[in-house]
Structure formats: structure tokens, C-alpha cells
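Below, each chain spelled out in residue letters.
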Amino acid sequence: MKKNEEYMLEHAGLCRAADRLEPQMFDEYGVQRGLRDKNGNGVVAGLTNISRIESFKMEDGKKVPCEGKLWYRGYDCIELVNGFRGDHFGFGEVAYLLLFGKLPNREELKHFNDILASSRTLPTNFTRDVIMKAPSSDIMNSLTRSVLTLASYDKNCSDTSIENVLRQCLGLIAVFPMLAVYGYHAYNHYSNDESMYIHRPQKKLSTAENLLMMLRPDKQYTELEARVLDTALVLHMEHGGGNNSTFTTRVVTSSGSDTYSVIAAALSSLKGPKHGGANIKVVEMMRDIEAHVSDWTDEDAVRAYLNKILSKEAFDGKGLIYGMGHAVYSLSDPRAQVFKSFVEKLAVAKGRDKDFALYSMIERIAPEVISQKSRIYKGVSANVDFYSGFVYSMLEIPLELYTPIFAIARIVGWSAHRIEELINMDKIIRPAYKSVMQELEYVPLNQR
């Protein structure tokens, strides 16, 4: 007789097979996955004043792909990055903009950064009793557990007044780097038998500087390293209300849940490989290409190997060139465009010129290779993940922290959307599903 667990797994598999909907059924019922209409447009689920994405323009009543643009609170993200470039770190300035809807003056920015600095503290023994208690190689799970546990230390956990939610969000924004880095060090110590380092954040340092300082055994980093990481954080902060984790944020917020539960739900959404783990796949793919193409400057050899990847004959067999294409952008991802110049400077400083040249070559030829293999209605280009993974590898950041770093940035956007949902909406989000079931007559147990 089979064990109960084996039977249940087998039965669950049978149920899934019986209930599976064939792709053609979606067309029959007018449904397309991803909350898109029959024209490929995202279904409008709400209104937001936080950000806007542009990837198409309407010409003579038709959608025409255009160069991608991204605005934060009305400001072009490229102009924002160029605005603080070389002058100051941008994390605090752009976080203020997203949360409060306006750019801060110097006094407001200093006050805001001081609040973040004073909030970079965890409850007594939290690192020992929570983070180090059950270390995990999945730092996103560790981060989620830490966020939910922090709720136990908040006497006003369930208070959804804007003032209290803002306090909670600022506190989480401040401690996310600590939760992620400490979670990694705990895992690295207990699972990999390496030395453990728990460096306290310094109030005078920016978020990017503190992250690098806490991660590295010697606490040392260069200004260029910190500025490139700061730029990466700014470019990952926000990307509209429709991306999976931000929509999760708004859905759970609409139910009246507390801030910690909302952010934990967003983290669970982000950790999915179809959402937040893309830059890891880019790095793994590039390592595979470098291992199998002897001459990285040979464009024909690189093109041939990309074709093998697309044909599912190389790398992971999925037929995807990771870092190419985006659910929204077509001709270009503005984040990748502005980020590339920073990446090049870091590559030169790190002696990774050949790697950068290979990335640039693939960025140029991959769209051609893909278009020859597939019908693409909107075009394809490198997205921000194509270069962010390369940057993290040059910064010697372990793979386990790639997605948590995404979360360290995106929690700012989640917080802004949570607050906007609380202010503007007072109704639970409840999308409809069209039922395709058949009505059946009940059959008594002894007749089955």
C-alpha cells in the first residue's frame, strides 16, 4: 500500500492534468494570461500618480513601438540620475520623491536621510534570535521571515493611518539592507563554514555605502563602486503599479492588512524567477557563453552559440536569451540605457573590459538573432537586468543577494503604492475569473 504522501502527490498530479486549460481555450473565452486584453494591452486595474512607463505611441489609431521612457512622479528617470550624478547619492532624494511626490530641497533631504540613518537599528537580540536562528540559502525567505517577525515588536502593527504606515515603511526601508546582508552572513557562516561578520551601519553613510560596508569583511569600498550601486538601486526603485510585486502590494493593502504582511507578500512575489531573479540568470548564461566560446571577440562564434541557446541546445535548455526583452518595453529600456555608462566605468576600473565588450556585443546582436527565430510584434532590446547582474558580479556581491538587493530598492516603490492605495481607494481589489466548469450530478460514494 502506498504511503499517504505518495498517494496525495499522485492524486494531485491527476487533478492538475484533468483541470488543465488548453491554450486555445483562452482565445475561445476572450481571456489572455498576464491581465492583457486581446490587443496585448495591460488591463487597467487602477490609477497612480507615482510613475509612468511609455513603450508605444499611437499613430493613425495604431500602436507603434517607441524608445522606452520611465517617469518617477513626472520626472524622467534619466534626468533624475543625471541630476545627482557626481554630486550626491541619489537613494534618499529619489525615495523622498516617490514617497512625498516632490523633490526635496537640501534641508528636507538632510532631514529625510537623518531619519533613515536613525532608523537603521534592529530590536535587541533580533540578529541573534531571528536572523541567525534559522539561516537559509534563500535570503528572500530569510528577509520575509524577518519582516513578519518585526511586526511582533510594533505595538501599532495594525494601525493603517497614513502617519503610522509611513513610519513603518521608513523603518523597513532603513533596515532592509541589514536584514539582507546579515541573513547572507548567517547562511555563509553556518552552511559554508565561513567567518561571520556583523558590521553595524554608520549614520553618515548612504544606503549603497552601508550595504557594501556591511557586506565586506574589511568594510572597504571605492566611491565609484558605491555610486554605481546607488544608481542601480534608484533605477530599480519603482516600475509602475502593474508589475507583479507592486500589484501584490496594492491587492493586499486593499484588504486592510498591516504593512508587514503587505511587504512580506510583495517579497514573496518578487522572489519568483519570472520577476526578480532575472539578473541571476543573465550572469549564469554569460558564464556559460564564456566557457563555451573560446574567442569572445569572434562575433560569428558568439552568434552561433546564441542560436544554440535559442534552439534549446545550450545553457539551461529553456530557449531564452536572458536579459533580452521586457514585458512592457520594446525598442529600449531607459534604465538599461542610462545604466550602461556607469557599468562601463566600473568595468574599466575592475579590469573587466573584455567582459563588458562581450556584453555590448550580445546586446547588439541578440535582437537580430531572436528576430530571425521568432515573430516579435513589438521588438526586443536589453533590459536593466542584463547589466545589473554584471555590476553585482563586479562588486563581488554573492548571487544569493541579487534578488534581495532588488527588494532593498523596490520597497520604496511598494511603500509609495501602499500609501497611495490607502489614501485614494477604499475598496478591495477583486478581479473576475470566467468560469469554464461543467455542472455535474453528485454520485454517491458506493457508486463511484
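Structure: see above.
These lines cover the structure that appears in this document, whether it is placed above or below. Keep in mind that what you see is a predicted model, and the values were worked out from it rather than measured.

### With respect to the overall build of the protein chain
Counting secondary structure elements, the protein chain contains 18 helices and 3 strands. Per-residue burial over the protein chain gives 48% buried out of 448 residues. Across the protein chain, contacts joining residues at least 24 apart in sequence account for 72% of those joining residues at least 6 apart. Of the accessible surface of the protein chain, which amounts to about 23400 Å², a share of 51% is contributed by carbon and sulfur atoms.

### What about helix α7 (residues 139-150)?
Compared with an ideal rise of 1.5 Å per residue, which puts 12 residues at 16 Å, α7 spans 16 Å between its outermost C-alpha atoms and is within 8% of the ideal. Along α7, the residues classified as buried are I139, M140, S142, L143, T144, S146, V147 and L150. Each element contacted by the buried residues of α7 is listed here: α6 (126-131), α8 (162-190), α12 (259-270) and α18 (402-424). One side-chain oxygen of the residue at the start of α7 lies 3.1 Å from the amide nitrogen of M140, identifying that residue as D138.

### Concerning the sheet that holds strand β1 (residues 51-59)
Spatial strand order, β1-β2-β3: 3 strands in an open sheet with antiparallel pairing. Each edge of the open sheet carries a strand with a single partner, namely β1 and β3 (75-76). The sheet contact formed by β1 and strand β2 (residues 62-72) spans 8 bridges and is antiparallel. From the neighbouring strand, S51 faces β2, where its bridge partner is Y72.

### Re the packing of aromatic side chains
A ring pair, where both rings are aromatic, is described by two values, the distance of the centres and the angle of the planes. Scanning the entire structure with this criterion turns up 12 aromatic pairs. Every member of this aromatic cluster is reached through a ring pair, and the members are F356, Y359, F386, Y387 and F390. In this arrangement the basic side chain of R85 is found over the ring face of F342, its NZ or CZ atom lying 4.2 Å from the centre.

### Observations regarding the pattern of salt bridges
Enumeration according to the criterion identifies 20 salt bridges in this entry. R106 is the partner of D87 in a salt bridge, and the nearest nitrogen-oxygen pair spans 3.9 Å. Highlighted residues: D87 in the loop between α3 (77-84) and α4 (91-100) and R106 in helix α5 (residues 106-118), separated in sequence by 19 residues. What makes R106 exposed here is its relative accessible area of 66%. One salt bridge connects K281 with E284, and the closest N-O pair in it is separated by 3.8 Å. Of this pair, K281 and E284 both sit in helix α13 (residues 278-292), 3 residues apart, which is roughly one turn of that helix. By relative accessible area, K281 is classed as partly exposed at 22%. Residue class for E284 comes out partly exposed when judged on its relative accessible area of 30%. Via salt bridges that share partners, E299, R303, R364 and E368 belong to a single interconnected network.

### Comments concerning the packing of helix α9 (residues 207-215) against helix α10 (residues 223-235)
Between α9 and α10, the shortest axis-to-axis distance is 8 Å and the interhelical angle comes to 120°. Along this stretch, α9 crosses α10, giving a crossing that reads as right-handed. Where α9 approaches α10, its residues T207, A208, E209, L211 and L212 are matched on the opposing element by E225, A226, L229, D230 and L233. For the contact of α9 with α10, the per-class residue count stands at 6 nonpolar, 1 polar and 3 charged.

### Brief notes about the nonpolar core
Generally speaking, nonpolar side chains in soluble globular proteins are found buried as a group. Ranked by size, the top nonpolar core spans 121 residues in total, and within it F176, L179, I289, L306, F339 and I362 carry the most contacts. Among the elements that make up this core, the one with the highest residue count is α8 (17 residues). Those residues within four positions of I289 in sequence are excluded, and the remaining contacts are Y305, L306, I309, L358 and I362.

### A word on the environment of R287
When you line up the elements, R287 lands in helix α13. Residue classification places R287 among the partly exposed residues on the basis of a relative accessible area of 48%. Separated by 68 residues in sequence, R287 and D355 have C-alpha atoms that sit 10.0 Å apart.

### As for unusual backbone geometry
Unlike most non-glycine residues, N125 shows phi in positive territory, near 65°. As for its position among the elements, N125 is in the loop between α5 and α6. Judged by relative accessible area, N125 falls into the partly exposed class, the value being 38%. Although it is not a glycine, E396 adopts a positive phi angle of roughly 60°. By the element assignment, E396 lies in the loop between α17 (384-394) and α18.

### So, the pairing of β2
Hairpin geometry of β1 and β2 is characterised by an intervening segment of 2 residues between the two adjacent antiparallel strands and by a positive phi of about 55° at D60. As defined by bridge partners, β2 adjoins β3 across 2 bridges and the pair is classed as antiparallel. Bridging from a neighbouring strand, W71 pairs with D76 of β3. Where β2 hands over to β3, the hairpin turn is made up of 2 residues, of which R73 adopts a positive phi near 50°.

Conventions and cut-offs
Residues numbered from 1 in each chain as written. Predicted model: local features only at pLDDT ≥ 70, side-chain atom pairs only at ≥ 80, totals over all residues. Heavy atoms only, no water. Helix = DSSP H or I, 4+ residues; strand = E, 2+ residues; numbered from the N terminus. Buried < 20%, exposed > 50% of the residue type's maximum accessible area, 1.4 Å probe, protein only. Contact = heavy atoms within 4.5 Å. Areas by Shrake-Rupley, 256 points an atom, 1.4 Å probe, with all protein chains shown as cover. Expected span 1.5 Å × (residues − 1). Polar contact = N/O pair within 3.5 Å; in protein donor to acceptor, adjacent residues only side chain to side chain. Pairing = 2+ DSSP bridges. Phe/Tyr/Trp six-rings, centres within 6.5 Å; stacked < 30°, edge-to-face > 60°. Lys NZ or Arg CZ within 6 Å of the ring centre and 35° of its normal. Salt bridge = Lys/Arg side-chain N within 4 Å of Asp/Glu carboxyl O. Axes fitted to C-alpha atoms, helices over the stretch in contact; angles between N-to-C directions. Left-handed = near helix turned anticlockwise from the far one by under 90°. Nonpolar A, V, L, I, M, F, W, Y, C, P; charged D, E, K, R; others polar. Core = buried A, V, L, I, M, F, W, Y, C linked by side-chain atoms within 4.5 Å.

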